[in-house]
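# Chains, contacts and geometry: an overview
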Amino acid sequence: MAQVSLRNVVKTFPGGVVAVNEVNFGVENKEFVVLVGPSGCGKSTTLRLIAGLETISGGDVYIGDRKVNSIPPKDRDIAMVFQNYALYPHMTVYENMAFGLKLKKYPKEEINSRVTEAAGILGLENLLKRRPRELSGGQRQRVAVGRAIVRKPMVFLFDEPLSNLDAKLRVQMRTELHRLHIKLQATMIYVTHDQTEAMTLGDRIVVMKDGIVQQIDTPTNVYNRPLNKFVASFIGAPPMNFLNGRIMRKDEKLYFDEGNFRVRIVEEMFKPLEDYVSKDVILGVRTEDIYDKLFVSEAPPENVVTMTCEVVEHLGSDVYIHMNTGSNVLVARVSGDANPEINQDMDIVFDMSKVHFFDNSTEKTIV
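What you are looking at is a predicted structure, and each value in this text was computed from that prediction instead of being measured.

Procedures and definitions
Residues numbered from 1 in each chain as written. Predicted model: local features only at pLDDT ≥ 70, side-chain atom pairs only at ≥ 80, totals over all residues. Heavy atoms only, no water. Salt bridge = Lys/Arg side-chain N within 4 Å of Asp/Glu carboxyl O. Buried < 20%, exposed > 50% of the residue type's maximum accessible area, 1.4 Å probe, protein only. Helix = DSSP H or I, 4+ residues; strand = E, 2+ residues; numbered from the N terminus. Contact = heavy atoms within 4.5 Å. Polar contact = N/O pair within 3.5 Å; in protein donor to acceptor, adjacent residues only side chain to side chain. Pairing = 2+ DSSP bridges. Axes fitted to C-alpha atoms, helices over the stretch in contact; angles between N-to-C directions. Parallel < 35°, antiparallel > 145°, perpendicular 65-115°, else oblique. Left-handed = near helix turned anticlockwise from the far one by under 90°.

Glancing now at the pattern of salt bridges. Applying the stated rule across the entire model yields 13 salt bridges. In this structure, Lys67 and Asp60 form a salt bridge, with 3.6 Å as the shortest nitrogen-oxygen distance. Owing to a relative accessible area of 45%, Lys67 belongs among the partly exposed residues under this scheme. The closest approach of N and O atoms between Glu274 and Arg249, which form a salt bridge, is 2.8 Å. With a gap of 25 residues between them, Glu274 in the loop between helix 9 (270-273) and strand 14 (280-285) and Arg249 in strand 11 (residues 241-250) connect regions that are remote in the sequence. In this structure Glu274 comes out as partly exposed when scored by relative accessible area, which is 34%.

A separate point is the environment of Gln344. Among the structural elements, Gln344 can be located in the loop between strand 18 (329-335) and strand 19 (345-350). Put simply, Gln344 and Pro226 are 118 residues apart on the chain and 33 Å apart in space, counted from C-alpha to C-alpha. With near-sequence residues (within four places) excluded, Gln344 lies in contact with Met307, Thr308 and Cys309. A distance of 2.9 Å separates a polar atom in the side chain of Gln344 from the backbone nitrogen of Glu341.

Another aspect to go through is the sheet that holds strand 3 (residues 32-36). The mixed open sheet is built from 6 strands, whose spatial order is 6-7-8-3-9-10. Of all the strands in the sheet, just strand 6 (78-81) and strand 10 (212-217) have a single pairing partner and so form its edges. Ignoring strand direction, the axes of neighbouring strands in this sheet form an average angle of 15 degrees. Note that strand 7 (residues 155-159) and strand 8 (residues 187-192) share 5 bridges and pair parallel. By the bridge assignment, Val155 is partnered in strand 8 with Thr187. Helix 4 (residues 137-149) contacts strand 6 and strand 7 of the sheet and is inclined by roughly 175 degrees relative to strand 6. The strands touched by helix 5 (residues 167-184) are strand 3, strand 7 and strand 8; relative to strand 8, the strand with the most contacts, the crossing angle is about 160 degrees.

Let us look at the packing of helix 2 (residues 93-103) against helix 4. Direction vectors running N to C along helix 2 and helix 4 enclose 30 degrees, while the axes themselves pass 8 Å from each other. Considered as vectors, helix 2 and helix 4 are oriented roughly parallel to each other. Of the two possible hands of crossing, helix 2 and helix 4 adopt the one that is right-handed. Of helix 4, the residues touching helix 2 (which contributes Val93, Asn96 and Met97) are Val143, Gly146 and Arg147.

Okay, structure coming up:
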């Protein structure tokens with residue numbers, strides 16, 4: 001079984017810099033798990049600890065039933081795909097893919113069989129005699145993946161493999177990696193700073209910040225039920241809007257008062273917010289949960305807010321509207337049929353059933 005388990009894993013670099021701090025998570029057999037977070041959050045260091053390319057300062061790493069803390073990378077039965085491809089420039093595609101097997105003294109027939117099989121999976125059959133300089137970026141990355149496939153490891157590790165590709169090629173390669181996982185049914189751990197890659201590839205996502213795991217869950221749950229403001233802001237494009245304000249009570253109803261406007265909170269959120277009445281909180285609302293009133297058939301008057309349109313971005317099917325409340329700036333993603341004008345006041349509607357509230361001091365999710 002190709003399971004991976006990290007138990008209280010710590011990595012401290014010289015000078016006392018803690019890059020990974022008490023990380024705990026498990027990866028099930030055949031699961032695709034994505035480590036995601038901003039630069040410097042510890043995700044690549046965590047991957048290198050699994051691979052054995054960094055020494056562990058504390059805790060344990062298990063691959064299958066083996067504790068691998070002191071086992072060299074070559075004996076961990078893993079294959080790693082790097083951001084820079086790491087291909088040998090003087091070797092052909094075939095030779096690059098076969099090199100690791102030759103070092104382990106596999107029979108020629110077995111090497112040829114494995115390379116041919118991997119080339120077929122990745123569409124490299126016609127490129128086996130070429131050298132890396134004769135390939136495009138996407139082709140080089142497929143060769144790097146093929147070199148990992150031929151080893152038939154217990155676990156595949158990917159360290160930002162698409163970062164050097166242009167936007168169109170990243171989308172194409174992302175789809176190919178997804179198909180590859182379905183075909184191979186292999187255990188894969190993937191590192192990226194791109195939340196779109198994380199959302200589309202991962203069975204589960206591990207969101208990291210400052211070496212600490214913030215949340216582990218399915219992409220849908222991380223998006224819809226973030227545990228804190230950081231996760232809410234990092235997952236989603238454009239990012240979630242955040243408004244500072246106060247919870248107010250009037251006539252047995254609760255409102256969020258931003259200072260320049262007030263919106264009514266739905267009843268199912270009353271109970272968790274009771275302790276926050278007359279206190280400052282942060283309201284989070286995603287761009288797609290703000291509507292142009294002109295396109296809403298029944299808009300509760302208490303949730304209609306007038307704001308000034310400052311910037312308009314037309315993206316075909318969608319329009320991004322940047323608005324100013326007087327105290328906060330927010331972005332709404334509305335239908336492409338909308339035609340707002342800069343410096344024009346417009347009425348927008350908050351979908352209050354989908355907003356999030358965060359504690360003003362801890363930034364943890366209230367509801």
